[in-house]
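Chain by chain, the residues run as shown.
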Protein chains: 2
Amino acid sequence: MSGFDEREAAWIALNQTRTRIFSRAERALVAAGFPRLHWYDVLWELERAPDGLRPKQLEQQLLFDQSSFSRQVARMAEDGLLTRHAATGDARGKILRITDKGRALRLQMWDIYRVHIDEGIAEAQKTGAFAALKRLDD
Amino acid sequence: MSGFDEREAAWIALNQTRTRIFSRAERALVAAGFPRLHWYDVLWELERAPDGLRPKQLEQQLLFDQSSFSRQVARMAEDGLLTRHAATGDARGKILRITDKGRALRLQMWDIYRVHIDEGIAEAQKTGAFAALKRLDD
DNA sequence: AAAAAAAACATGTAAATGCATCTAAATAGA
DNA sequence: TCTATTTAGATGCATTTACATGTTTTTTTT
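Residues numbered from 1 in each chain as written. Chains lettered and ligands numbered in written order. Predicted model: local features only at pLDDT ≥ 70, side-chain atom pairs only at ≥ 80, totals over all residues. Heavy atoms only, no water.

**Considerations on the protein's contact with DNA strand D**
Short version of the rule: Nearness here has a simple test: a residue counts as near a molecule or strand if at least one of its heavy atoms is within 4 Å of that partner. Residues adjacent in sequence count toward polar contacts only when both atoms are side-chain atoms; beyond that, a polar contact is any pair of N or O atoms within 3.5 Å, and within protein one must be able to donate a hydrogen and the other to accept it. Gly is put with the polar residues, along with every residue not named as nonpolar or charged; the nonpolar set is Ala, Val, Leu, Ile, Met, Phe, Trp, Tyr, Cys and Pro, and the charged set is Asp, Glu, Lys and Arg.
Among the 22 residues in the neighbourhood of DNA strand D, the closest are listed as Arg36, Ser70, Arg71 and Arg92 of chain A together with Arg71 of chain B. Counting only atoms of DNA strand D within 4 Å of the protein, the fraction found in sugar and phosphate groups is 59%. Note that a phosphate oxygen of DNA strand D is positioned 3.2 Å from one of the side-chain N or O atoms of His38 of chain B. Looking at side-chain class alone, the surface near DNA strand D contains three nonpolar, seven polar and twelve charged residues.

**Remarks on the relation of the copies chain A and chain B**
Using the following cut-off: All copies are superposed by least squares; the fitting set is the C-alpha atoms of residues with a pLDDT of at least 70 in both. In what follows, a contact means two residues having at least one pair of non-hydrogen atoms within 4.5 Å.
Its rotation angle being 180°, the transformation that places chain A on chain B also includes 0.0 Å of axial translation and leaves an RMSD of 0.0 Å. Such a combination of rotation and displacement between the chain copies is what one expects of a two-fold axis. Taking the C-alpha atom as reference, chain A places Lys134 of chain A closest to the rotation axis, 2.8 Å from it. In this assembly, 100% of the residues forming the interface of chain A have copies in chain B that are likewise at the interface, indicating an isologous arrangement.

**What about the packing of aromatic side chains?**
Applied cut-off: Stacked, edge-to-face and tilted labels apply to pairs of Phe, Tyr and Trp rings (six-membered ring for Trp) whose centres lie within 6.5 Å, assigned for plane angles under 30 degrees, over 60, and everything in between, in that order. Secondary structure follows DSSP: runs of H or I at least 4 residues long count as helices, runs of E at least 2 residues long count as strands, and numbering of each begins at the N terminus. The buried label goes to any residue with under 20% of its type's maximum accessible area, the exposed label to any with over 50%, and the partly exposed label to all in between, with areas taken from a 1.4 Å probe on protein chains only.
Under the definition given, this model contains ten aromatic pairs over all chains. Between Tyr40 of chain A and Trp110 of chain A, the aromatic rings sit 6.2 Å apart at their centres with planes inclined by 25°, giving stacked as the arrangement. You can see Tyr40 of chain A sitting in helix α2 (residues 37–47) and its partner Trp110 of chain A sitting in helix α5 (residues 100–126), a full 70 residues away along the chain. For the residue pair Tyr40 of chain A and Trp110 of chain A, the accessibility class agrees, reading buried in each case. Between the aromatic rings of Phe64 of chain B and Phe69 of chain B, the centroid separation amounts to 5.7 Å while the plane-to-plane angle is 55°, which identifies the pairing as tilted.

**Re the protein's contact with DNA strand C**
Lining the immediate environment of DNA strand C, one finds 22 residues, of which Arg71 of chain A together with Arg36, Ser67, Ser70 and Arg71 of chain B sit closest. Each atom of DNA strand C within 4 Å of the protein belongs either to a base or to sugar and phosphate, the latter forming 60%. Within the backbone of Lys94 of chain B, one N or O atom sits 3.0 Å away from a phosphate oxygen of DNA strand C. At the level of secondary structure, the elements contributing two or more residues to the surface near DNA strand C comprise α4 (66–78) of chain A together with α3 (55–62) and α4 (66–78) of chain B. Residues belonging to the surface near DNA strand C are distributed by class as follows: three nonpolar, seven polar and twelve charged.

**Digging into the pattern of salt bridges**
Here is the rule we go by: Basic side-chain nitrogens of Lys or Arg form a salt bridge, by our definition, when they fall within 4 Å of a carboxyl oxygen of Asp or Glu.
Enumeration over the complete set of coordinates arrives at 22 salt bridges over all chains. In this structure, the salt-bridge partner of Arg24 of chain A is Glu123 of chain A, at a minimum N-O distance of 2.8 Å. Pair noted here: Arg24 of chain A is in helix α1 (residues 4–31) and Glu123 of chain A is in helix α5, with a separation of 99 residues, a long-range link. Of the charged contacts, one joins Arg48 of chain B and Glu45 of chain B as a salt bridge, the two residues approaching to 3.2 Å between their closest N and O atoms. Accessibility expressed as a relative area gives 12% for Glu45 of chain B, which makes it buried.

**A word on the interface of chain A and chain B**
Under the convention used in this document: Here the buried area means the combined drop in accessible surface, using a 1.4 Å probe, for two parts upon being joined, counting both sides.
On the chain B side, the residues contacting the 31 residues of chain A number 32 residues. For the pair chain A and chain B, the summed buried surface comes to about 3,100 Å²; carbon and sulfur atoms form 63% of the total. At the boundary of chain A and chain B, one finds two salt bridges. Linking Arg7 of chain B and Asp118 of chain A is a salt bridge whose minimum nitrogen-to-oxygen distance equals 2.2 Å. Our count for the contact surface shared by chain A and chain B stands at eight residue pairs in polar contact (both at pLDDT 80 or more). If you list the elements that add at least two residues to the side of chain A that touches chain B, you get α1, α5 and α6 (131–134) of chain A. A per-element tally of the side of chain A that touches chain B places α1 of chain A first, with 14 residues.

**Overview of the nonpolar core**
To be explicit about the condition: By nonpolar core is meant a set of buried Ala, Val, Leu, Ile, Met, Phe, Trp, Tyr and Cys residues that side-chain atoms within 4.5 Å join together.
One finds Ile121 of chain A together with Ile121 and Leu133 of chain B to be the most contacted residues of the largest nonpolar core, which totals 72 residues. If we ignore the near neighbours within four places in the chain, the residues touching Ile121 of chain B are Arg7, Ala10, Trp11, Leu14 and Leu136 of chain A together with Ile21 and Phe130 of chain B.

**Side note on helix α5 (residues 100–126) of chain B**
All names here are of chain B. Short version of the rule: Expected span, for any helix, means 1.5 Å times one less than how many residues it has. Throughout, bend refers to the angle between the axes fitted to the seven residues that end at a position and the seven residues that start at it.
A rise of 1.5 Å per residue sets the reference length of α5, with its 27 residues, at 39 Å; its end C-alpha atoms lie 39 Å apart and thus fit the reference within 8%. In α5, a bend of some 30° at Trp110 exceeds every other bend along the element. Directly beyond the C-terminal end of α5, a positive phi value near 75° is found at Gly128.

And the structure:
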């Protein structure tokens, strides 16, 4: 059984790799005039949900702060990337659905994002950043 | 050689695991009245640098935005967690050094942080989140 | 050595974040 | 069924972020 030091080392590798990729991808997205990755994540989740999603679901899935997410959704709706319908059977709730514009934007963002994922993971492999992770027992 | 789909799967696992751990740890830190993890990271880097560090170095290492970091350092200095000396030999620059108060705070934060790293990595192992990572060639 | 370019850090400002709180609707309890 | 509690989502407000730009000092170019 792996002790804590192993887990700590795995965490550091994990965190550094994700931060590097995330940071580069965001820079590239902003430079290209696109929104940031947390907008991307919302578009992606909505695209995979044909019947739409409740804000609460999405917020828990993506681990977003409720109030920040509420405003993010409002901005994304303003930009025409998603729609907010009343939820049938729950007058408090909303159903979020991606729009065609949202789908198109996600694709454009993905073209940039994927390059950085690919390069970043390849780099991590090359520099042995995953060694600590592979050392963990299953 | 692993294709892109493998790398993409590895990224998703990586990102989800890190987000889960990060988010839980931050919640716990805030609940305990402590600063967030990007403060922790600065304290940790400074603690490992006996001669101190230039803001520029730190900012590049941690991939922070320059202007945000400049203000973060100011706040941390106000709180007495670090000091800003003039850099010898470069009148533009500063040297950041951790204080005893900063060291003490880092330890307290670590007590909380480590629990979430440990639990989160263990959980990721158990649920097979690292399978995609282990599948990558070296 | 003077002028031009770059580097390190700070700051003005607008937008985003997050805690606390609010409203309205749904569910649980008495 | 009437009341108390919980849940979904929005919003007020203070803090933080990040882009653009400013200031000072260092380095490079001519």
